[in-house]
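What the coordinates show
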Amino acid sequence: MIQTGRFPPGAGRMQRVLSVLAITFPFFALVLCGYLAARAGLLPQAAIPGLNAFVLFFALPCMLYRFGAQTPIGQLLDPAAAGVYALCAVALVAATVALTRRRLGWNDAAFGALVAAFPNTGFMGVPLLVALLGPAAAGPAILTMLVDMVFTTSLCIALSRLDGAGTHGVAVALRRALRGMLANPMPWAIVLGAVASAAQWRLPAPIDGTLALLAQAASPVALFTIGAVLARSRMQAGHDPGERVAPRDYLPIALAKLFVHPLLVWAAGGAASAAGLPLSPLAHTALVLAAALPSASNVSLLAERFGAHNGRIARIILVSTALAFLSFSGAVALRV
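This text gives an overview of the structure that appears in the document. Just so you know, these numbers come straight off a predicted model, no measurement behind them. (Residues numbered from 1 in each chain as written. Predicted model: local features only at pLDDT ≥ 70, side-chain atom pairs only at ≥ 80, totals over all residues. Heavy atoms only, no water.)

Scanning all chains against the criterion turns up one cavity of 30 Å³ or more. One number sums up the size of the largest cavity: a volume of about 30 Å³. Every residue along the wall of the largest cavity is listed here: Val229, Leu230, Ser233, Ser297, Ser300, Ala314 and Ile317. Mapped onto the lining of the largest cavity, the elements with two or more residues apiece are helix H9 (205-239) and helix H13 (310-335). In terms of residue count, H9 provides more of the lining of the largest cavity than any other element does, three residues in total. Class assignment for the residues of the lining of the largest cavity results in four nonpolar, three polar and no charged. (1 Å grid on protein atoms, 1.4 Å probe; cavity = no way out; pocket = protein on both sides within 12 Å on 5 of 7 lines; lining within 4 Å. Points joined across faces, edges and corners; volume = space filled by probe spheres on them. Helix = DSSP H or I, 4+ residues; strand = E, 2+ residues; numbered from the N terminus. Nonpolar A, V, L, I, M, F, W, Y, C, P; charged D, E, K, R; others polar.)

Below you can see the structure in the form of C-alpha cells.
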C-alpha cells in the first residue's frame, strides 16, 4: 500500500474513503455536468466536435508535454512497467476475443477487446492519478498511454480484419491506424516532453506560460467533453433502433474493464516484483489504478471508422464510466 501525504497512515477506513471521494468526486462530477448539459440541450451537439478538437489538439498535448518534460526520463522509459502493462493487455484482449468471436465475428470481438483493455488515461487518468499519487505518477500513466495507443490499438485493429469484414485487409487497416496515430498530437507531445526531460530543456517563460494556461484547461474541458460525447451517443442510440444492444453484449465487457483489467495488472505486477524485476511500488499502484479507469472514449471513433458496432462500444464506455465512480474509488481506497 502506497502512502502519500493525502492519506495519513493512521486514518480510519471511513476517513480514507472520504479522502478518496474528495479527490475523485470532482472528476466524475465534471463528466456528469457534460452529460447533463448535452442531454438538456444547453450544449448543442454541433459544439461537441469543437470541444473535442480543443482538447485533442491544444489542451491535452500541452498538459502531456509539461508532465513529460518535468518527469525523469527513467520513469517515462520503464521497461518493467511497460512489459507488465502490455502483457496484461494481450491477456485481456485474447480472453475477450476468444469468448465473443464466435457470436460477434472478428471485427466486433476485436473492438470489444480494445474497449476492455484501453482505459481513459488521456482525458481522465493522467490528471486524476497525479492528484491521487503526486507528480511521480505521471511517468507510469503516460507510459500506459503509449502502450495503448501504439501496441494495443494496433493489435486489435489487426485482429478486426481477420474475418475479411469490409473491403480492406490487415495491412491496409494497419496503415490507416498508423496514419491516424501519426496525426494524433498526443504521442508527439509525449515524445517531445521525454526529449525535453532527457536534454533538460527549458522553454522561454512566455511560451511556457502559454502552454501552462492550455494545460490547466485540459482536465476540466476533457472531462466535460467525455460527458457530452457519452450523452450524444446515448441520444443517437435512442433514435436508431439498430443501435440498441442487449445487456449481455456490453455489460460483461464493462465489468471486465473495471475489475478484471486492474486485477490482472495487480497480479502481473506482483509476480514481476517477486521475480526481481525493478517495478517500484508507486509504479505498480499507478498501473493498477490506470487499468481501473473506465474505457477510453476514442475507441468509439475507431470502431465507427472500421465498421464495428459503434452502439455497443458506446454503451460499454457509458456504463464503465458511470460505474467507475464507485469501482475506481474503491480501487484507490484499497491501493493507496
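Taken as a whole, the second largest pocket spans an internal volume of roughly 240 Å³. Looking at the second largest pocket, the residues that line it are Phe25, Phe28, Ala29, Val31, Leu32, Tyr35, Leu230, Leu318, Thr321, Ala322 and Phe325. If you list the elements that add at least two residues to the lining of the second largest pocket, you get helix H1 (13-40) and H13. When its residues are assigned to classes, the lining of the second largest pocket shows 10 nonpolar, one polar and no charged.

Under the counting rule described, the total for this entry stands at two salt bridges. Ionic pairing is found between arginine 66 and aspartate 208, a salt bridge with its closest N-O pair at 2.9 Å. Taken together, the positions of arginine 66 in helix H2 (residues 48-70) and aspartate 208 in helix H9 put the pair 142 residues apart, joining distant regions of the chain. Here aspartate 249 ties to arginine 103 by a salt bridge, and the two come within 2.2 Å at their closest N and O atoms. (Salt bridge = Lys/Arg side-chain N within 4 Å of Asp/Glu carboxyl O.)

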